[in-house]
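Here is what each chain is made of, one letter per residue.
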Amino acid sequence: MKNYTSDKIRNVVLLGGTRSGKTTLAETILFEGKVIDRRGSVEAKTTVSDNTEVEQIYQRSIYSTPFYAEFMDHKFNFIDAPGADDYIGGVISAFKVCDAGVMLVNAQQGVEVGTEIHGRYAEQYKMPIAIGVNQLDAEKANWDATVDSLHQAFGKKPVVLQYPVNPGLAFDSFIDVTTMKMYKFKDENGTREELAIPAGEQAKAEEMHAALVEMAAEADEELMEKFFDAGDLTPEEMHKGLNIGFASGEIYPVFCLSAKKDIGVKRLMEFLIEVAPAPKEDPKGPTSLFVYKTAVEPHLGDVSYFKVVSGKIAEGQDVVNVDNGSKERITALFAVAGKKKEKVTELVAGDMGCTVKLKAVKSDQTLNQPGYDKAVEPIVFPQAKYRAAVKAVDEKDEEKLGEALNRLAAEDPTIRVEYSKELKQTIINCQGEQHINVLKWRINNDYKINIEFLAPKIPYRETITKVANSTYRHKKQSGGAGQFGEVTLLIEPIVEGVETTGKFKIDGKEQVMNIKSKEEFELPWGGKWEFYNCVVGGAIDASFMPAIKKGITQKMEEGPLTGSYARDIRVFVYDGKMHPVDSKEIAFIIAGRNAFKEAFKMAGPKILEPIYMVEIMVPGDCMGDVMSDIQNRRGLIEGMNSEKGFQILRARVPLAELYRYSTTLSSLTSGRASFTMDFLEYQQVPADVQDKLLKAYVEEDKDE
Ligand SMILES: Nc1nc2c(ncn2[C@@H]2O[C@H](COP(=O)(O)OP(=O)(O)O)[C@@H](O)[C@H]2O)c(=O)[nH]1
Ligand SMILES: [Mg+2]
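The numbers attached to residues start from 1 for each chain and follow its sequence in the written order. Here the convention is simple: chains get letters from A, ligands get numbers from 1, in the order in which they are written. Per-residue local features of the predicted model are confined to residues with pLDDT of at least 70, and side-chain atom pairs are confined, for both listing and counting, to 80 or more; whole-chain, interface and lining totals are unaffected and use all residues. Hydrogens and waters are ignored; side-chain quantities use all the structure's heavy atoms.

### Comments concerning the overall build of the protein chain
Item 1. To qualify as a helix, a DSSP run of H or I must reach at least 4 residues; to qualify as a strand, a run of E must reach at least 2; elements of each kind are numbered from the N terminus. If you tally the helices and strands in the protein chain, you get 16 helices and 38 strands.
Item 2. Taken over the C-alpha atoms alone, the protein chain extends approximately 110 × 55 × 50 Å along its principal axes.
Item 3. Each residue gets one of three labels from its accessible area relative to the maximum for its type: buried under 20%, exposed over 50%, partly exposed in between, using a 1.4 Å probe on protein chains only. Evaluated residue by residue, the protein chain yields a buried proportion of 55% over its 704 residues.
Item 4. For the protein chain, long-range pairs separated by at least 24 residues make up 71% of all intrachain contacts whose partners lie at least 6 apart in sequence.
Item 5. Where accessible areas are quoted, they stem from the Shrake-Rupley method and a 1.4 Å probe; at the residue level, only the protein chains shown are allowed to cover. Of the roughly 31100 Å² of accessible surface on the protein chain, a fraction of 49% belongs to carbon and sulfur atoms. Here a residue-residue contact requires only that any non-hydrogen atoms of the pair lie within 4.5 Å.

See the structure below:
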């Protein structure tokens, strides 16, 4: 392959819902770009894009797949993004490195949730988008309904540049209202005739051309003036308007496609060369590479996929990983088409490629020439919305499993693995049930470990609602030296913004705390606690205070109700007793712990549970089912509004009720909904739930 300059490069992400035809389009582009001379199919598991074993088994794209195509003296770098929401990580990293997108819409379905989700991300990342209405050769293809749904979803942004003459099984022609020609296809290999627009279509084509010119004029003030004066634009002016509108994300040009029959693909590629922006990266700057994807591939080992974000990179060059200082040598450079790697000697700013066998490089890291330390801002990935606990079926594999999970999480930043000391579980946080099943497949097959998933425990918290006090005497006489310590303390709930008065009524008697010192501790699990030393007259020596604090802390880490962390409690130690010989640290640890525990139980103790804000995007006709399901999950509906043909439901839902929610939502809506969840706050559980949790908890009595 020859070396391309930045202006001859186009970086394009393929978007759209599952089964809209992205992988099939990728195959046709590779064919048009002469990378392959025979097209494979998704059904025969022979596509370039779905080339991993797990993708072939599931018959769908799971990973983003980069591929190049050389066309009209230009080099395209495409990324075939997976459509399912579970694999959104690959889409977001593609957004980071691409300069434009092609969104496919299945003409048999119109806009789907997947289209909508990708559309939202495109808006968020200000990605210029062209829309390909695909599968126009299918019997049930419906052009008008699809265009209507596009306007419903994206307002006036979609602008039709082409329309099909005969959608459905006979589809072979479309009219292009930019060039004002009809394109007719003779075979399934993209061979096209350019014809004059037939008389019967002339009026419609002219009307659409006029609408297009007006949209193009609206993109730019100068053009608008010309348009008002002359009532028309020259073809060059129209192109300029389209360029501006496309680049600013105000115009989504709409194309006709049959990816399968290679109809319209060439025209789309021509358009991308004419209108899509060339990369803006500076070829004269210092060398800097951004790694957007890593994978372990057969025969190659670790492969790092990157974009040159500044300068250029040549074979044999040394770079440094800005994040961890690792020195790396780029021994080989490749242009990528799925599994196929084509050797190149150099890549310039804006180009993409891959290299192999780097030592310490993960996705989302920057590799620079030595001495240059500017890092690319890391990608922000969405919050996890599926949690599961995992363990090896054979306990002996636990350590191996930990390593496998670490490697897989390094490949996919939307997988987060944590060992929770609190829950005593290894928890996987990811994007959905499909996502975690693929992970399981990889662990079974690539690492030969059998695993099972369990319901993840809920990180409950415990707190108190009233004031209570308690005295505990620890006394032990066994043979030699004895143990003696007595602690009297009082506890009070910490309420945000309310200071303590230090005055309490206990058994009808006013008790004023003589505060000698106050300490405040932020708790690593949220909330805080405060410790007040109020001992008068030397009842307990100051040297025993750390031991008492230690005892209380132990009980806060394993709350008296269910063993969960406690929070938001103020402790006043105000009396006690010592023994001249037997008082020692351990005695006061035990006395402090038990005094705290007993007071806690009398202080109106409550279990708190994590509440999440759940935002669900639902097609209108499924709203009733989704809403009553949320109510069954103790959800509180906060709001509802409609947006671009979908309903958005916002609800506060306890985490305990959200296990496998994505799966339920998917079956309630035939996969047409999507949702996000974000931690909001801790709240008291209802009384019946508290009773259940108390019964389920059998305390291990470790005291004394
Ligand atoms: N009739 C027809 N089928 C298509 C076309 N493009 C894709 N398909 C089929 O639609 C299904 C999904 O295609 P695929 O490329 O995997 O979609 P992706 O999930 O968006 O990557 C497959 O069965 C394809 O053969 C097309 O242009 N016409
Ligand atoms: Mg695909």
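Now, onward.
### What about the coordination of the magnesium ion (ligand 2)?
Item 1. Only N, O and S atoms count as donors, using a 2.8 Å cut-off from the metal and 3.2 Å for Na, K and Ca, and because water is excluded some sites may appear unfinished. Protein-derived ligands of the magnesium ion (ligand 2) are T23 (OG1) and S61 (OG), with the metal-ligand distances lying across 2.0 to 2.1 Å. Of the two residues, T23 sits in helix α1 (residues 22-32) while S61 sits in the loop between α2 (53-58) and β2 (65-71), which places them 38 residues apart along the sequence. Summarising the burial analysis for this pair, T23 and S61 share the class buried.

### Some details on the side chain of T366
Item 1. Turning to its location among the elements, T366 is positioned in strand β21 (residues 365-368).
Item 2. At 2.9 Å, the side chain of T366 forms a polar contact with the backbone nitrogen of V376.
Item 3. Beyond its immediate chain neighbours, meaning those up to four positions away, T366 contacts S288, L289, F290, V320, N321, V322, D323, K374, A375 and V376. Polar contacts, as used here, are pairs of N or O atoms within 3.5 Å; protein pairs need one atom able to donate a hydrogen and one able to accept it. Residues neighboring in sequence count only if both atoms are side-chain atoms.

### A look at the pattern of salt bridges
Item 1. Each reported salt bridge corresponds to a side-chain nitrogen of Lys or Arg within 4 Å of a carboxyl oxygen of Asp or Glu. For the coordinates displayed, the defined rule picks out 41 salt bridges.
Item 2. E681 is the salt-bridge partner of R652, the closest N and O atoms lying 2.3 Å from each other. One end of the pair, R652, is in strand β37 (residues 646-654); the other, E681, is in strand β38 (residues 674-684), and 29 residues separate them in sequence.
Item 3. Here the salt bridges share partners, and the residues they tie into one network are E492, K518, E520, K528, E530 and R570.

### Details of the site of ligand 1
Item 1. For each residue, the test is whether any non-hydrogen atom lies within 4 Å of the molecule or strand; if one does, the residue is near. Taken together, 16 residues surround ligand 1, and among them R19, K22, T24, E43 and D137 come closest.
Item 2. Here an oxygen atom of ligand 1 and a backbone polar atom of G21 are 2.9 Å apart.
Item 3. Contact between ligand 1 and T24: an oxygen atom at 2.6 Å from a side-chain N or O atom of the residue.
Item 4. In isolation ligand 1 has 580 Å² of accessible area, and contact with the protein removes 90% of it.
Item 5. The biggest single contributor to the shell around ligand 1 is α1, with 3 residues.

### Focus on the packing of aromatic side chains
How two aromatic rings sit relative to each other is given by the distance of their centres and the angle of their planes.
Item 1. Only rings of Phe, Tyr and Trp enter the pairing, Trp through its six-membered ring, and a pair is recorded when the two centres are within 6.5 Å. The plane angle decides the type: under 30 degrees is stacked, over 60 is edge-to-face, the rest tilted. Considering all chains together, one arrives at 20 aromatic pairs under this definition.
Item 2. A connected cluster of aromatic rings, assembled from ring pairs, spans F67, F76 and F78.
Item 3. Positioned over the ring face of F290 is K96, at 5.7 Å from the centre of the ring. Here, a charge over a ring is recorded when the distance from Lys NZ or Arg CZ to the ring centre is within 6 Å and its angle to the ring normal is within 35 degrees.

### Considering helix α11 (residues 433-446)
Item 1. What a helix should span is 1.5 Å times the count of its residues minus one. If you check α11, its first and last C-alpha atoms are 19 Å apart, about what 14 residues at 1.5 Å a residue would give, namely 20 Å.
Item 2. Along α11, the residues classified as buried are E433, H435, I436, V438, L439, W441, R442 and I443.
Item 3. Check the buried side of α11 and you find it contacts α2, β22 (386-392), α10 (398-411), β24 (425-430), β25 (451-454) and α15 (661-668).

### Here's the deal with empty space enclosed by the protein
Item 1. The method works on a 1 Å grid over the protein atoms by themselves. A cavity is a set of points holding a 1.4 Å probe that cannot get out, a pocket is an open set with protein on both sides within 12 Å along at least five of seven lines, and residues with an atom within 4 Å of a point line them. Grid points are joined across faces, edges and corners, and a volume is the space filled by probe spheres set on the points. Applying the stated criterion across every chain yields a total of 3 cavities of 30 Å³ or more.
Item 2. Volume-wise, the largest cavity comes out at about 60 Å³.
Item 3. Along the walls of the largest cavity sit P66, F67, Y68, N77, F78, I79, Y292, Y305, V336, M352 and G353, which together make up its complete lining.
Item 4. Secondary structure elements with two or more residues in the lining of the largest cavity: β2, β3 (74-80) and β20 (352-356).
Item 5. Side-chain classes are defined by residue name, with Ala, Val, Leu, Ile, Met, Phe, Trp, Tyr, Cys and Pro counting as nonpolar, Asp, Glu, Lys and Arg as charged, and the others, Gly among them, as polar. Looking at the lining of the largest cavity residue by residue, the classes come out as 9 nonpolar, 2 polar and no charged.

### So, the packing of helix α6 (residues 199-218) against helix α7 (residues 221-230)
Item 1. The contact between α6 and α7 brings their axes to 7 Å, and the two run at 135 degrees. Here α7 runs oblique to α6, going by the angle between their axes. Between α6 and α7, the contacting residues are V213, E214, A216, A217 and E218 on the first element and L223, M224 and F227 on the second.
Item 2. Here the contact of α6 with α7 is composed, by residue class, of 6 nonpolar, no polar and 2 charged. Helix axes are fitted only over the stretch in contact, all axes being lines through C-alpha atoms; the angle between N-to-C directions runs from 0 to 180 degrees. Small angles under 35 degrees read as roughly parallel and large ones over 145 as roughly antiparallel, with 65 to 115 read as roughly perpendicular and the rest as oblique.

### A few points about the sheet that holds strand β27 (residues 468-476)
Item 1. Only strands joined by at least two bridges in the DSSP assignment are considered to pair. Strand order in the open sheet formed by 5 strands is β27-β28-β34-β32-β31, with mixed pairing between adjacent strands. Of all strands in the sheet, those bounded by a partner on one side alone are β27 and β31 (517-522). Sheet twist, expressed as the mean angle between neighbouring strand axes with direction ignored, is 20 degrees.
Item 2. As defined by bridge partners, strand β32 (residues 528-533) adjoins strand β34 (residues 569-577) across 5 bridges and the pair is classed as parallel. Bridging across to β34, N533 finds its partner in V573.
Item 3. Seen against the sheet, helix α12 (residues 545-557) touches β28 (483-493), β31, β32 and β34 and runs at an angle of roughly 155 degrees to β32.

### Comments concerning helix α16 (residues 687-696)
Item 1. Within the span of α16, buried status applies to V689, Q690 and L693. Each buried residue of α16 sits inside an arc of 100 degrees when the element is viewed along its axis, so together they form one side. The exposed residues of α16 that point more than 90 degrees off its buried face are A687, D688, K692 and K695.
Item 2. Next to the buried residues of α16 lie β35 (606-619). Note that the arc is computed from the directions linking the helix axis to the C-beta atoms.

### Some words on the domain arrangement of the protein chain
Item 1. Where a domain begins and ends is set by an automatic assignment or by a domain database. Taken domain by domain, the protein chain holds domain 1 (8-201 + 239-275), domain 2 (386-454), domain 3 (462-604) and domain 4 (608-691).
Item 2. For domain 1 versus domain 3, the separation of C-alpha centres amounts to 67 Å.

### Focus on a negative patch on the surface
Item 1. Residues enter patches when they are more than 30% accessible in relative terms and free of salt bridges; like-charged ones are connected within 9 Å and nonpolar ones (Val, Leu, Ile, Met, Phe, Trp, Tyr) within 5 Å. His is not counted, nor are the chain ends, whereas Lys and Arg count as positive and Asp and Glu as negative. Charge placement uses NZ in Lys and CZ in Arg. For Asp and Glu, CG and CD serve respectively. A surface patch of negative charge is lined by E221, E222, E225 and D229.
Item 2. When you line up the elements, E221 lands in helix α7.

### Here we look at the environment of W525
Item 1. The residue W525 is located in the loop between β31 and β32 in this model.
Item 2. Taking the relative accessible area as the measure of exposure, W525 reaches 13% and is therefore buried.
Item 3. Between the C-alpha atoms of W525 and D262, which are 263 residues apart in sequence, the distance is 57 Å.
Item 4. Setting aside its immediate chain neighbours within four residues, W525 contacts R461, M556, E557, Y565, A566 and R567.
Item 5. Among the polar contacts listed, one links the side chain of W525 to the backbone oxygen of A566, at a separation of 2.8 Å.

### Brief notes about the side chain of Q431
Item 1. Residue placement: Q431 occurs in the loop between β24 and α11.
Item 2. Here the side chain of Q431 touches Q383 through a polar contact of 3.2 Å, landing on its backbone oxygen.

### Quick look at the sheet that holds β24
Item 1. Spatially, 4 strands are ordered β23-β24-β22-β25 in an open sheet, and the strand pairing comes out antiparallel. Of all strands in the sheet, those with a lone pairing partner are β23 (416-420) and β25, marking the two edges. Each neighbouring strand pair of the sheet contributes to a mean axis angle of 35 degrees, computed without reference to strand direction.
Item 2. Most of the contacts of α10 go to β22, to which it runs at about 145 degrees, and overall it touches β22, β23, β24 and β25.

### Comments concerning unusual backbone geometry
Item 1. If you check the backbone angles, K126 has positive phi at about 50 degrees while not being a glycine.
Item 2. Topologically, K126 is positioned in the loop between α4 (113-124) and β5 (129-134).
Item 3. Here the phi dihedral of H299 falls at roughly 70 degrees; this positive angle occurs in a residue that is not glycine.
Item 4. By the secondary structure assignment, H299 is in the loop between β12 (288-297) and β13 (301-310).
Item 5. Exposure remark for H299: the relative accessible area of 84% places this residue in the exposed category.

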